[in-house]
Amino acid sequence: MTAASQAVEKMTSLQAINLALHDALAADQNVILFGEDVGDKEGGGVVEVTKGLSSKFGDERVRSTPIAEQAIIGAAIGAALAGMRPIAEIMLMNFTTVAMDMITNHAAKLRFMSGGQTSVPLTIRMMTGAGFANGGQHSDFLEAWFAHTPGLKVAIPSNPADAYGLLRGCIEDPDPCIFVEPLGIYWVPGDPPLRGKSIPLGKARVARAGTDVTVISYGKQVNDVLAVADKLSGDIKVEVIDLRTISPYDEEALLASVKKTGRAVVVHEAVKKFGIGAEIAASITEKLFRQLKSPVLRVGGKYCPVPFSQPLEAAFMPTAAEIEGAIRATLA
Amino acid sequence: MPNTQGAKANRPPREVLVELYRKMTLLKQNDERFRAVIKSGRIIGNYYSPRGQEVIPSAISCLLKREDYVCTIYRGIHDSLAKGVPMKLLWAELSGRATGSCKGKGGPMHITHPESGVMVTTGVVGSSMPIANGLALASKLRGDGRIAVAYFGDGASNIGAFHEALNLASVWQLPVVFVCQNNRYAEHTKYEWGTAIDQVAKRAAAYSIPGVHVDGNDPLAMYAAAKEAIERARAGNGPTLIEAMTFRFHGHLLGDVDAYMGQGEKEGWMAKDPVPAFRRWLLAEGYASEAQLKAMEETIASEIEEALNFAMSSPYPEIDELRRDVYAQELPQ
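Residues numbered from 1 in each chain as written. Chains lettered and ligands numbered in written order. Predicted model: local features only at pLDDT ≥ 70, side-chain atom pairs only at ≥ 80, totals over all residues.

Some remarks on the overall build of chain A
- Helices and strands together make up the secondary structure of chain A, namely 14 helices and 14 strands.
- Relative to the compact-globule value of 20 Å for 332 residues, chain A shows a C-alpha radius of gyration of 20 Å, a close match.
- On the principal axes, the C-alpha backbone points of chain A span a range of 60 × 55 × 40 Å.
- A total of 332 residues make up chain A; the buried ones form 57% of that total. (Helix = DSSP H or I, 4+ residues; strand = E, 2+ residues; numbered from the N terminus. Rg over C-alpha atoms; globule rule 2.2 N^0.38 Å. Buried ≥ 20, exposed ≤ 12 C-beta atoms within 10 Å, placed from the backbone.)

A few points about the overall build of chain B
- Regarding its fold elements, chain B presents eleven helices and eight strands.
- Taking 20 Å as the expected radius of gyration for a compact globule of 333 residues, we find that chain B reaches 19 Å, a close match to that expectation.
- By the burial criterion, 50% of the 333 residues in chain B qualify as buried.

Side note on the nonpolar core
- Residues Ala 132, Ala 150, Val 176, Val 179 and Ile 242 of chain B are the most contacted members of the largest nonpolar core, which totals 195 residues.
- Residue contributions to this core reach at least three from each of two domains, namely domain 1 (10–190) and domain 2 (205–331) of chain A.
- Those residues in contact with Ile 242 of chain B, other than ones at most four positions away along the chain, are Val 177, Phe 178, Val 179, Cys 180, Val 212, Val 214, Ala 225, Ala 226 and Ala 229 of chain B. (Core = buried A, V, L, I, M, F, W, Y, C linked by C-beta atoms within 7 Å. Domains from an automatic or database assignment. Contact = placed C-beta atoms within 7 Å.)

Digging into the sheet that holds strand S11 (residues 238–242) of chain A
Residue and element names in this part refer to chain A.
- The five strands are arranged S9-S11-S10-S13-S14 in an open sheet whose pairing can be described as mixed. Each end of this open sheet is capped by a strand with a single partner; those strands are strand S9 (205–208) and strand S14 (297–301). Here the average twist between neighbouring strands, direction ignored, is 25 degrees.
- Contacts from helix H14 (residues 320–331) reach strand S10 (213–217), S11, strand S13 (264–271) and S14, with the element oriented near 170 degrees to S14. (Pairing = 2+ DSSP bridges. Axes fitted to C-alpha atoms, helices over the stretch in contact; angles between N-to-C directions.)

What about the interface of chain B and chain A?
- With 34 residues of chain B in contact, the opposing surface of chain A contributes 34 residues.
- Going through the elements one at a time, strand S2 (118–122), helix H5 (128–142) and helix H6 (160–171) of chain B are the ones with two or more residues in the side of chain B that touches chain A.
- Ranked by residues supplied to the side of chain B that touches chain A, first place goes to H5 of chain B with nine residues.
- Tallied by class, the residues present in the side of chain B that touches chain A amount to 19 nonpolar, ten polar and five charged. (Nonpolar A, V, L, I, M, F, W, Y, C, P; charged D, E, K, R; others polar.)

Considering the domain arrangement of chain A
Residues and elements named next belong to chain A.
- The domain boundaries assigned to chain A delineate domain 1 (10–190) and domain 2 (205–331).
- A separation of 26 Å is found between the C-alpha centroids of domain 1 and domain 2.
- Broken down by secondary-structure element, the contributors of at least two residues to the side of domain 1 that touches domain 2 are helix H7 (143–147), strand S6 (153–155), helix H8 (160–172) and helix H9 (183–186).
- In terms of residue class, the side of domain 1 that touches domain 2 is built from 13 nonpolar, seven polar and four charged.

What about the packing of helix H11 (residues 251–261) of chain A against helix H12 (residues 276–288) of chain A?
Residues and elements named next belong to chain A.
- Across the interface, H11 lies against H12 with an axial gap of 11 Å and an inter-helix angle of 60 degrees. Regarding the angle of H11 to H12, the classification is oblique. The crossing of H11 and H12 is right-handed. Of the residues in H12, those touching H11 at Glu 251, Leu 254, Leu 255, Val 258 and Lys 259 are Ile 280, Ser 283, Ile 284, Lys 287 and Leu 288.
- The residue makeup of the contact of H11 with H12, split by class, is six nonpolar, one polar and three charged. (Parallel < 35°, antiparallel > 145°, perpendicular 65-115°, else oblique. Left-handed = near helix turned anticlockwise from the far one by under 90°.)

A few points about the sheet that holds strand S5 (residues 123–128) of chain A
All names here are of chain A.
- Reading across from one edge, S3-S2-S4-S5-S7-S6-S12 is the order of the seven strands in this open sheet, with mixed pairing throughout. The open sheet has two edge strands, strand S3 (62–65) and strand S12 (245–247), and neither has a second partner. Across the sheet, the axes of successive neighbouring strands diverge by a mean angle of 20 degrees, strand direction being ignored.
- Judged from the four bridges that link them, strand S2 (residues 31–36) and S3 form a sheet pairing that is parallel. Residue pairing in the sheet places Glu 36 in a bridge with Thr 65 of S3.
- Across the sheet, helix H2 (residues 13–27) touches S2, strand S4 (85–92) and strand S7 (177–182), and the angle it forms with S2 is around 135 degrees.

Let's talk about the pairing of strand S3 (residues 148–153) of chain B
All names here are of chain B.
- Within S3, six of the six residues are buried, which leaves it mostly tucked inside the rest of the structure.
- Neither face of S3 is left uncovered, since the one carrying Ala 148, Ala 150 and Phe 152 and the one carrying Val 149, Tyr 151 and Gly 153 both have all their residues buried.
- One crossover worth recording links S3 to the parallel strand S4 (residues 176–182) by way of H6, and it is right-handed. (Right-handed = clockwise from strand over helix to strand, strands pointing away.)

Structural notes on the packing of H2 of chain A against H8 of chain A
Residues and elements named next belong to chain A.
- Two elements in contact, H2 and H8, have axes separated by 8 Å at closest approach and are oriented at 30 degrees. Considering their axes alone, H2 and H8 lie roughly parallel with respect to each other. Remark: the crossing between H2 and H8 carries right-handed chirality. Packed against H2, whose contacting residues are Ser 13, Gln 15, Ala 16, Ile 17, Leu 19, Ala 20, Asp 23 and Ala 24, the element H8 presents Pro 160, Ala 161, Ala 163, Tyr 164, Leu 167, Arg 168 and Ile 171 at the interface.
- In the contact of H2 with H8, the residues fall into eleven nonpolar, two polar and two charged.

This is how it looks when you write it as structure tokens:
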């Protein structure tokens with residue numbers, strides 16, 4: 001296979017995440033990985049995202065754990081305090097709830113409460129997302145909780161290349177990072193990453209340039225928004241911004257875009273009320289009120305637990321029709 | 001009086017016994033001075049006095065190396081001091097000054113000083129244990145010989161973190177010592193009312209690790225139990241749970257009127273105050289002279305005054321500190 005053909009070979013986000021973990025483990029002895037079932041004896045993860053890693057790097061550095069999220073995050077915090085670069089996997093984002101003390105009272109605050117004497121360079125990975133018939137306790141996007149906690153950083157990729165780069169960025173970051181892996185991108189092929197390159201946290205990406213309305217999104221919904229933008233391209237020029245990092249978010253990039261378009265829509269899968277969209281809408285409104293041509297609109301999950309029944313679950317999630325409707329409403 | 005069980009030849013050497021007493025006296029005097037200063041209004045804050053529990057961290061710290069790790073809890077100033085946190089940094093932190101070990105940003109419940117091995121002081125019951133496991137895991141992976149000690153109270157043995165941490169430490173054979181300072185009360189709740197087993201140490205059996213029930217007010221017994229556990233951890237033979245029986249003399253929170261205690265219960269324990277008891281024993285057994293101990297006590301008292309004066313004459317942190325140490329990179333204004 002030639003280098004050129006390799007460069008264009010598609011890869012899924014699941015494969016890109018596996019590759020990022022592989023490359024991080026290979027690059028730095030201080031990187032260790034643990035979580036439920038991550039070892040190859042346990043199948044390399046329930047969807048095989050860590051497959052092959054314990055075989056290559058050994059059971060000491062890639063460890064399966066008991067189902068004990070407090071113990072997992074606590075051990076990761078302690079190892080990070082001692083100068084290692086742990087990557088802790090919490091199988092599903094909902095299961096962070098049983099480790100919230102460790103994440104929000106400890107990982108997030110130890111640097112500040114110690115006056116900068118200690119730090120927690122820790123990456124916590126987790127998958128989640130509605131649309132997979134997993135019901136109310138296996139599907140939530142809870143990024144607003146973490147973003148609302150000073151001391152944590154939160155990244156959510158929308159494609160394989162970003163999944164690789166952002167995960168490497170989180171692992172290299174000196175602060176605790178929440179890395180969310182949307183199920184809705186796991187098995188979708190895309191352009192492969194630049195191996196060895198991390199994407200700096202806090203920088204957004206213009207996924208599609210446009211002049212009429214700015215749509216800000218992250219995770220799987222970026223792809224949904226791009227599809228709508230494509231459909232509307234004949235009469236509306238939509239600029240799509242992929243936030244990539246939720247906290248800290250790239251306010252500069254958002255404001256630059258909205259200054260140009262005068263219109264903004266925020267789209268995410270998490271429930272709309274009290275969500276990231278509210279923060280972004282408020283921020284844009286505070287800073288650009290007089291330049292806005294219409295109110296900043298939000299599209300998000302419905303305000304209910306994620307339902308099981310297929311038609312309910314589909315209606316829970318932000319739909320293409322809702323995204324299109326919001327875009328059109330800003331132009332009305 | 002300490003229980004002088006065992007042959008005299010098995011006792012720690014004279015210099016260790018004297019150092020153990022020095023630490024106990026330091027913790028006792030520090031606590032007495034701090035309570036007086038709080039009551040005078042010169043320092044504002046909540047205080048969870050460890051008075052009465054001095055023997056436990058003093059004995060353990062005599063056995064730890066400076067680079068060994070400690071994670072402790074809000075009633076943990078004795079643990080930090082015994083491990084070697086400098087008194088000036090401690091007092092400046094207790095009073096919220098910029099010169100404190102944590103620049104005044106942590107306070108009494110979050111004393112941290114990695115140079116002394118004090119990595120975490122948590123205000124959350126039980127949370128010292130899962131983190132100590134991670135420090136121990138790093139030691140194990142690096143083979144650097146360091147061990148970790150997690151201090152906690154009897155109340156913490158009923159929270160999930162205790163059980164998750166002991167299980168993982170056992171499964172991974174981590175070099176960690178779990179030290180339960182059983183002072184008989186979880187905040188205001190009697191041990192028996194909230195704990196479904198008569199000894200915390202028995203819970204070790206559920207995790208296939210040694211569980212040791214020891215008189216935590218007896219310096220020799222405490223030292224012996226700690227020595228065995230620390231040697232086990234250092235040799236790579238895994239964790240130990242020590243339940244050290246003790247009593248707190250000043251309730252849960254300073255100002256506590258102890259209405260929930262039995263009549264005369266606290267008074268009974270205070271009459272058996274382990275610090276003067278050990279002093280009498282050291283003199284009776286000829287390990288130290290009155291003049292030597294008196295000089296030691298006076299030195300400690302003057303060091304405390306010096307630390308207090310240092311703290312009181314130190315500035316408060318700048319307001320810009322709100323933007324610092326949230327992340328590695330300072331936040332913009």
